[in-house]
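A closer look at the structure
As a plain string of letters, each chain reads:
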Amino acid sequence: MKTMQALVFKKIGKIEPETLPVPTLQEPTDVLIKVAACGICGSDIKILEGKHAYKENTVLGHEFCGTVAEIGPAVHSLKVGDRIAIDNNPRCGVCDYCRMGFSSQCEWIKERTIGIFKNGGYAEYAVAPESVCYKLPESMDDITATQVETLGTVMNGMNTVQMQPWDSVLVLGCGPIGYLFTSLAKNIAAEVMVTEIDPFRLNIAKQLDVPALNPNETDLAKEIKERTNGKGVDIVIDAVGTQLGEALKYVTAGGKILAFGMDDSVQVALTPYQVTRRAVKILGTYIGQNTMLPSIKILKSGKINLKPFFTETIKLPQGVEAFAKLGLDLKTMQHVPKKAMKIVLKP
């Protein structure tokens, strides 16, 4: 039996290296992928904290790309040797949600998400159905390709919020998601601002060439009013998952709030009257929807500067050490200052 190295999520607060059998194809449409690289997502950190859906004894990692190593007999669009990225959320295509254009709510996602409920990319090999595999252009390197799915989720948010060239935009939080939202907004909106409280990531935010503000050191409400003639911003994007209450303070009447970040440990009290009277639109999006190909096109274009985005590439066996650099000390389960934006694991 062939074996491989993997990082396995055992329970809240515990992830460890293991030797596992190389996965085998279970369905005629399955594809065996030799993993080239896998990014560590903020949702992986929240899984370790118990703040996100999870399944114990699962190989995490959903931001991955690789090379097709084997295909099932019903696979027709791929061949061995193709380089691919994956959308880690298989959809059934026939439920009411899928057929109404809301495939992000497909029932399959509750049990088949790769890297959360099914073994993912923190390993030397992974299996995925043909339907979630997307060929990569030769010009795209493996490190960049890890972010095809990530940018796809952001693109779904952009499609939902319908940002216009005259809009003013505030992105709350400049982690990887906030970085990508800010980068896209720079190419569209009239004015863009981003916030961040972590010193390491604030320094990266400043490289985006937009006002980067620390709300712990700046009167953010005052700053926004000065920049928007006292009205507030047209669009606020909560890229953290904890900032909905703050977003309501900064958005203009008739403006939009995109609730994007996820943290199911957070509750927010709000006054519905303020939402109604000020005609504020609160929008939510989850994962990507038909955005993998647009994501590949954008990354191929080079319009997003990813040099500050990628902090470090490390070998899979040392992957456990990466979580402290991303802000979670697994020994104490306490948050610590971050030392990275995006870390990529390589088998």
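Notes on the structure in this doc start here. Note that the coordinates shown come from a computational prediction; the quantities given were computed from them, not determined experimentally.

Rules behind the numbers
- Residues numbered from 1 in each chain as written.
- Predicted model: local features only at pLDDT ≥ 70, side-chain atom pairs only at ≥ 80, totals over all residues.
- Heavy atoms only, no water.
- Salt bridge = Lys/Arg side-chain N within 4 Å of Asp/Glu carboxyl O.
- Phe/Tyr/Trp six-rings, centres within 6.5 Å; stacked < 30°, edge-to-face > 60°.
- Helix = DSSP H or I, 4+ residues; strand = E, 2+ residues; numbered from the N terminus.
- Pairing = 2+ DSSP bridges.
- Contact = heavy atoms within 4.5 Å.
- Axes fitted to C-alpha atoms, helices over the stretch in contact; angles between N-to-C directions.
- 1 Å grid on protein atoms, 1.4 Å probe; cavity = no way out; pocket = protein on both sides within 12 Å on 5 of 7 lines; lining within 4 Å.
- Points joined across faces, edges and corners; volume = space filled by probe spheres on them.
- Nonpolar A, V, L, I, M, F, W, Y, C, P; charged D, E, K, R; others polar.
- Buried < 20%, exposed > 50% of the residue type's maximum accessible area, 1.4 Å probe, protein only.
- Patch = residues over 30% accessible without salt bridge, like charges linked within 9 Å, V, L, I, M, F, W, Y side chains within 5 Å.
- Areas by Shrake-Rupley, 256 points an atom, 1.4 Å probe, with all protein chains shown as cover.
- Parallel < 35°, antiparallel > 145°, perpendicular 65-115°, else oblique.
- Left-handed = near helix turned anticlockwise from the far one by under 90°.
- Polar contact = N/O pair within 3.5 Å; in protein donor to acceptor, adjacent residues only side chain to side chain.
- Core = buried A, V, L, I, M, F, W, Y, C linked by side-chain atoms within 4.5 Å.
- Right-handed = clockwise from strand over helix to strand, strands pointing away.

Let's shift gears to the pattern of salt bridges. Applying the stated rule across the entire model yields 13 salt bridges. Between Arg112 and Glu111 there is a salt bridge; the shortest N-O distance is 4.0 Å. One salt-bridge network, held together by shared partners, links Glu191, Glu223 and Arg227.

It is worth spelling out the packing of aromatic side chains at this point. Following the criterion strictly, the structure yields four aromatic pairs and no others. Ring geometry for Phe181 against Phe260: centres 5.0 Å apart, planes inclined by 85°, an arrangement best described as edge-to-face. With Phe181 in helix 6 (residues 176-186) and Phe260 in the loop between strand 13 (251-259) and helix 10 (272-277), this residue pair connects regions lying 79 residues apart in the sequence. Taken together, the ring pairs in this structure connect Tyr179, Phe309 and Phe310 into an aromatic cluster.

Attention now moves to unusual backbone geometry. Positioned with a positive phi, Ala279 is a non-glycine residue whose angle comes to about 55°. Following the sequence through the fold, Ala279 ends up in the loop between helix 10 and strand 14 (281-284). One non-glycine residue, Asn290, lies in the positive phi region at around 55°. For Asn290, the position within the fold is in the loop between strand 14 and helix 11 (292-301).

Pairing within the open sheet is antiparallel, and its three strands lie in the order 2-1-4. Single-partner strands in this sheet number two, and they are strand 2 (14-21) and strand 4 (58-59). The sheet contact formed by strand 1 (residues 3-11) and strand 2 spans eight bridges and is antiparallel. Across the sheet, Thr3 pairs through a bridge with Pro21, a residue of strand 2.

Moving on: the sheet that holds strand 13. Overall, parallel pairing links the six strands, which are arranged 11-10-9-12-13-14 in an open sheet. Across the chains shown, the open sheet's two edge strands, defined by having one partner strand only, are strand 11 (212-213) and strand 14. Packing against the sheet, helix 8 (residues 220-227) makes contact with strand 9 (168-172), strand 10 (191-195), strand 11 and strand 12 (233-238), and its axis sits at approximately 175° to strand 10.

Here we take up the layout of surface pockets. In this structure, the second largest pocket encloses a volume near 570 Å³. Lining the second largest pocket we find 25 residues, and of these Gln26, Asp30, Lys118, Val127 and Ala128 sit closest to its centre. Put simply, the parts of the chain that give the lining of the second largest pocket at least two residues each are strand 2 and strand 7 (125-129). The dominant element in the lining of the second largest pocket, judged by the number of residues it contributes, is strand 7, at five residues. Here the lining of the second largest pocket is built from residues that sort into 14 nonpolar, six polar and five charged.

The buried fraction of helix 6 is high, at 10 of 11 residues. Those residues of helix 6 not exposed but buried are Pro176, Ile177, Gly178, Tyr179, Leu180, Phe181, Thr182, Ser183, Leu184 and Ala185.

The next thing to look at is a nonpolar patch on the surface. Taken together, Val266, Val268, Leu270 and Ile282 make up a surface patch of nonpolar side chains, about 260 Å² in accessible area. In this structure, Leu270 sits in the loop between strand 13 and helix 10.

This next bit is on the packing of helix 5 (residues 148-161) against helix 6. Between helix 5 and helix 6, the shortest axis-to-axis distance is 10 Å and the interhelical angle comes to 55°. Considering their axes alone, helix 5 and helix 6 lie oblique with respect to each other. In terms of crossing hand, the pair formed by helix 5 and helix 6 is right-handed. Of the residues in helix 6, those in contact with Thr150, Leu151, Thr153, Val154, Met155, Gly157 and Met158 of helix 5 are Ile177, Leu180, Phe181, Leu184 and Ala185. By residue class, the composition of the contact of helix 5 with helix 6 is nine nonpolar, three polar and no charged.

With that out of the way, let us pick up the side chain of Thr146. Inspection of the secondary structure puts Thr146 in the loop between helix 4 (142-145) and helix 5. Here Ile143 takes part through its backbone oxygen, which lies 2.6 Å from a polar atom of the side chain of Thr146. Every residue in contact with Thr146, bar those within four places of it in the chain, is listed here: Ala37, Cys38, Gly39, Glu63, Phe64, Cys65, Phe310 and Val344.

Further remarks concern the nonpolar core. Core analysis: the largest hydrophobic core is formed by 48 residues, its most contacted members being Leu151, Val154, Met163, Val169, Tyr179 and Phe181. Aside from chain neighbours lying at most four places away, what touches Leu151 is Leu180, Leu184, Ser295, Ile298, Leu299 and Ile304. Listed in part, the 45 residues of the second largest apolar core include Leu20, Ile45, Val59 and Leu316.

Both faces of the sheet carry side chains from a regular strand, because those side chains alternate between them. Of all five residues in strand 10, four are buried, a share of seventy percent or more. Bridge count between strand 9 and strand 10: five bridges; the pairing is parallel. Opposite Ser168, over in strand 10, you have Glu191 as the bridge partner. Handedness of the strand 9-helix 6-strand 10 crossover: right-handed. The sheet contact formed by strand 10 and strand 11 spans two bridges and is parallel. The residue bridging Thr195 from the neighbouring strand is Leu213, located in strand 11. Read from strand 10 through helix 7 (residues 199-205) to strand 11, the crossover connection turns out right-handed.

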